[in-house]
Every structure is written in structure tokens, then in C-alpha cells.
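Descriptive analysis of the structure
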Amino acid sequence: LEEEYKQKIKEVLSLEELQKVKSTLLGKKGKITSFLKQLKSLTPEQKKEFGKAINEVKNLFEDLIKEKETELKEKALEEKLKKSQIDITLPAEWTEAGAPHPTTYTLKYITDIFVSMGFSIEEGPEVELEEYNFDMLNIPKDHPARDMQDTFFINKEGYVLRTHTSPVQIRTMLKKKPPLAVVAPGKVYRKDLDPTHSPMFHQIEGLFVDKNVSFRDLKGILKIFLETVFGKDIPIRFRPSYFPFTEPSAEVDIGCTVCKGKGCRVCKGTGWLEILGCGMVDPNVFKAVGINPEEFSGFAFGLGIERIAMLKFQIPDIRLLFNNDMRFNLQFKGL
Ligand code: FA5
């Protein structure tokens, strides 16, 4: 039996065949199993002797079968690999690589500059409470300042599409105590449309609150920021302005000398493009969020991302940033 089956196992060609041999030997009704069953009728002496012999043969077959199984499996895998060989010399299918959108790029670029100065990032929802977008920013109902930003109202009472990122100031100050240094990038919405205005655009809000913060700190931070983006020679103009949530307030314009491209219209007219609003946080805003204006002071600013992208890349019309024309978008490859 031993010699016969040794030979059989050797000659097996497939895993199925091996399985069959295995069950004729070791299965419930297999040959070895039946030998083991016969042990019962023997004397203890005989049991010992035969039991040992049978076990030895059993172990031998188990080992041989296992060995064969591994061999057959390896063979099968080899065959499979041979059949599915890939021709690595074939040319790959061609797909045009995309380019980062200049708005996305600028948003990340600007956020990173403030993060490198120690500001952390905050976020707020685009569907915003009217209370945070206006009331708590010192813009009460029926106040003419509400008309400064053409608002998209939505069906739900008490909510608007946020017209600026300033409500994130409120959210942050309700959540955290000063000292604070945060920036809040995101989408905002207004009923606006012309070469420098879009109904959806991006802003980055900045908020800095601590003891003894002055307008000088605001100017210093913005100057470092603008020189990082546009270079040391950039003409910067702080122009007195009005925002209900800051006092005093200013707007910052960038000179059009950066825009020398042929047909570039960004800075025509006054020669300046407004890119941000800023000022010292109004005491009424601090009171609305429970911060003592006698103890703390702070500054805030709101930047228009598309405007900065337009200046940086000499884009003459804001609508180019929204048309998704691949001829335009692909010019920003490698940014
Ligand atoms: C504000 O939105 C204030 N929340 C900014 C602010 C924040 C002031 C904190 C003081 C303290 P303003 O409406 O001016 O301000 O908008 C800010 C900037 O967004 C503008 O300077 C401009 O660069 C950009 N901007 C405004 N409207 C549009 C528009 N329709 N399309 C593209 N950019 C716009």
C-alpha cells in the first residue's frame, strides 16, 4: 500500500486528483482510517505495534500530500502569471493633466502665508444666521448698512447666504477666548455681476484679538502680507472707509503698475484696485460676544481672493475665473 500510493501521489497532475487520493487514504472511509478502526479487535500488545506502524504511514502520506499540494499550487500560479503577462512596452493611454485653478491656488497660497505668521484656520457655514451675518456685527435691521451688501435671502426665516466671511469672527469669539489670531477662508454670495464683481466669490477673513492691539499692528501685518504676495515695490494705499463692525475702518488698494499685460484692464480708471476692507474691531461687536472692550482690542480684515488672483496673474475680467474654459485654465499648469 505504501509503495503503491507513494507512486500515485507522485503521478498526480491536478489538485482535484490529489483531493481524490487524499480521501481514498485518509477520508472517513479511507484505507488508513479503516486500518485504525480494525485496531479495536487486537490485543493491547498488537495494538501498540500496529498502531505505531499505521500512524507512521499516515504521517508520511499527510506530508507527501501537503508537499504535492504546494507544488501544484505553485505551478498553477505560474501558469496564470504566464497567461496574463502585461506588455509594458505598449504606450500608455494619453490623458491631459489638469492645472490648479488660480482661485484655489490663491486661496491656499494666502491662507498659508497667514498660517506661517501664526494664525490658525476657522470655518463657518455658507448658509448663515442673519444674526451672525448682520446683527451681531453691529448691523441692526433697518440699518442702511444692510444695503451695502446685496443679500441673497433664502426661504428659511432668519437665514441668508453669507455676504462676507465676517460672521466667522462672531462664531470664533463665541467659541474661544482671546488671545485670538485666526483666518477664515471661504465662499460668499452677493447680487453683483460685472468685470470685477461676481455673485459668488471667495474671501479670507482675519481676526486678531489681544490686549493693547493697535492700528499699527494691523498695518504691519497687512504690509508684510502684501509684500509677500506682490513684492516689495508694490504701491499700497490705505484709504479711510466705513464698516459697521470696525472703527476706525479702512480699505486697501493696490496700484495698477503691477498690471502691465497687453489689453490688461484690471487697473484702468483710477489706477487702483480695492482688495480688502479692514479696521479695529468695534466695541459693540466685542459686547455682542461677551468680550470686555476695556480689556481687549483687536483688528479684522476681509480680503477678496479673486481680486488678488486677478492682480497676481494679470487677469483682466473676473468672469474668466468662472467660465471653466480649458484654454484659460490650462495656462496655470505648473503653479
Ligand atoms: C467686506 O465684505 C467686509 N466684511 C470686509 C471687512 C472684514 C472689513 C473685516 C473690516 C473688517 P467688502 O464688501 O468691501 O467688505 O468686501 C471685501 C473685499 O471683497 C473687497 O475688497 C473686494 O476685494 C472683494 N469683493 C467684494 N465684492 C466682490 C464681488 N462681487 N466679486 C469679487 N470680489 C468682491
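Here, every reference points to the structure presented above.
These lines cover the structure that appears in this document, whether it is placed above or below. (Residues numbered from 1 in each chain as written. Predicted model: local features only at pLDDT ≥ 70, side-chain atom pairs only at ≥ 80, totals over all residues. Heavy atoms only, no water.)

To continue, consider the environment of Pro 125. Tracing the backbone shows Pro 125 in the loop between strand 1 (120-121) and strand 2 (127-129). Considered as a pair, Pro 125 and Val 188 are 63 residues apart in the sequence and their alpha carbons are 9.8 Å apart. (Helix = DSSP H or I, 4+ residues; strand = E, 2+ residues; numbered from the N terminus.)

Let us now look at the packing of helix 5 (residues 102-116) against helix 8 (residues 215-230). Axis separation between helix 5 and helix 8 bottoms out at 11 Å; the angle between their running directions is 135 degrees. Considered as vectors, helix 5 and helix 8 are oriented oblique to each other. The two elements helix 5 and helix 8 meet at a crossing, and its hand is right-handed. Taking contact as the criterion, the partners of Tyr 109, Ile 110, Ile 113 and Phe 114 in helix 5 are, on helix 8, Ile 221, Phe 225, Thr 228 and Val 229. (Axes fitted to C-alpha atoms, helices over the stretch in contact; angles between N-to-C directions. Parallel < 35°, antiparallel > 145°, perpendicular 65-115°, else oblique. Left-handed = near helix turned anticlockwise from the far one by under 90°. Contact = heavy atoms within 4.5 Å.)

Glancing now at the site of the ligand. Close to the ligand lie 27 residues; His 164, Ser 166, Arg 190, Ser 198 and Glu 274 are nearest. In the model, an oxygen atom of the ligand is placed 3.3 Å from a nitrogen or oxygen of the Leu 276 main chain. Contact with the protein chains hides 96% of the accessible area of the ligand, taken as 670 Å² for the molecule alone. Put simply, the parts of the chain that give the shell around the ligand at least two residues each are strand 5 (200-210), strand 7 (246-255), strand 8 (272-281) and strand 9 (297-304). In terms of residues, the shell around the ligand owes the most to one element, strand 8, which gives five residues. Broken down by class, the residue content of the shell around the ligand amounts to nine nonpolar, 12 polar and six charged. (Near = heavy atom within 4 Å. Polar contact = N/O pair within 3.5 Å; in protein donor to acceptor, adjacent residues only side chain to side chain. Areas by Shrake-Rupley, 256 points an atom, 1.4 Å probe, with all protein chains shown as cover. Nonpolar A, V, L, I, M, F, W, Y, C, P; charged D, E, K, R; others polar.)

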